[in-house]
Amino acid sequence: MDINSLTASKIKELRLETGKPQNTIAKELGMSPSAYVRLENGNVDIDLKTLEVVANFYQLSVGEIISQKNQDIYHLEGAHGVAIKSQNPTFNYNVDIPSLEKAVSVLTDIIKMSKKK
């Protein structure tokens, strides 16, 4: 299961814990019900902004949304960046927030350009 699917599963799990239907959560997050369904089903790549909105809604950190206990991954977030650590050293990385935002922006532009072809 990829990270997007794992994150989508976590978002669904959080909603189910509230006992609220998808359309109610979508409205509370400020998104359309169809967009929320795609998010929860893992049918859309989840961007950092959306992760932050969901994390704030559930009063969690982005790290808590994307971490999976069974993956032995933990995330440390600070004012200046994010460090993701794992038992698998090839997965570990540190990134400052401006660099992460720039990377997301560049990747978004690349995806948009590739879709125009």
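This is a predicted model, so every value here is computed, not measured.

A. Molecular detail of the pattern of salt bridges. Within this structure, the stated rule accounts for two salt bridges. Here Lys 20 makes a salt bridge to Glu 28, at a shortest N to O gap of 3.1 Å. We classify Lys 20 as partly exposed; its relative accessible area is 33%.

B. Region of interest: the packing of helix H2 (residues 22–29) against helix H3 (residues 33–41). Orientation of H2 relative to H3, taken along the N-to-C sense of each, is 105°, at an axis distance of 8 Å. Here H2 is positioned roughly perpendicular relative to H3, judged by the angle of their axes. For the pair formed by H2 and H3, the contact residues are Gln 22, Asn 23, Ile 25, Ala 26 and Leu 29 on the first element and Pro 33, Tyr 36, Val 37 and Glu 40 on the second. Here the residues of the contact of H2 with H3 are counted per class, giving six nonpolar, two polar and one charged.

C. Representation of the environment of Val 62 in the model. Of note, Val 62 is situated in helix H5 (residues 62–66). By relative accessible area, Val 62 is classed as buried at 14%. Linking Val 62 and Leu 48, residues 14 residues apart in sequence, is a C-alpha distance of 8.4 Å.

D. Quick look at helix H4 (residues 48–57). All of the buried residues in H4 are Leu 48, Thr 50, Leu 51, Val 54 and Ala 55. An end-on view of H4 places all buried positions within 160° of arc, on one side of the element. Turned more than 90 degrees off the buried face of H4, the exposed positions are Lys 49 and Asn 56. Two or three places before Lys 49, at the opening of H4, Asp 47 has a side-chain oxygen 3.3 Å from that residue's backbone nitrogen. Gln 59 lies just past H4 and shows a positive phi near 55°.

Each value, and the rule that gives it
- Throughout this description, residue numbers start from 1 for each chain and increase along the sequence as written.
- Local features are withheld for residues below a pLDDT of 70 in this predicted model, meaning they are given only at 70 or higher, and side-chain atom pairs are given and counted only at 80 or more; totals for whole chains, interfaces and linings count all residues.
- Neither water nor hydrogens contribute to the side-chain values; these are computed over all heavy atoms in the structure.
- Think of a salt bridge as a Lys or Arg side-chain nitrogen and an Asp or Glu carboxyl oxygen that are within 4 Å of each other.
- Accessibility here uses a 1.4 Å probe with only protein chains present; expressed as a share of the type maximum, an area under 20% marks a residue as buried, one over 50% as exposed, and anything in between as partly exposed.
- All axes are obtained by fitting lines to C-alpha atoms, using only the stretch in contact for helices, and the reported angles, taken between N-to-C directions, cover 0 to 180 degrees.
- Strands here are runs of E lasting at least two residues and helices are runs of H or I lasting at least four, both read from the DSSP assignment and numbered beginning at the N terminus.
- Convention used here: angles under 35 degrees read as roughly parallel, angles over 145 as roughly antiparallel, angles from 65 to 115 as roughly perpendicular, and any remaining angle as oblique.
- Two residues form a contact once any of their heavy atoms are found within 4.5 Å.
- All residues other than Ala, Val, Leu, Ile, Met, Phe, Trp, Tyr, Cys, Pro, Asp, Glu, Lys and Arg, Gly among them, are scored as polar; the first ten of these are nonpolar and the last four charged.
- It is the directions from the helix axis to the C-beta atoms whose arc is reported.
- Pairing of N or O atoms within 3.5 Å defines a polar contact, subject to two protein rules: one partner must be a possible hydrogen donor and the other a possible acceptor, and residues neighboring in sequence count only if both atoms are side-chain atoms.

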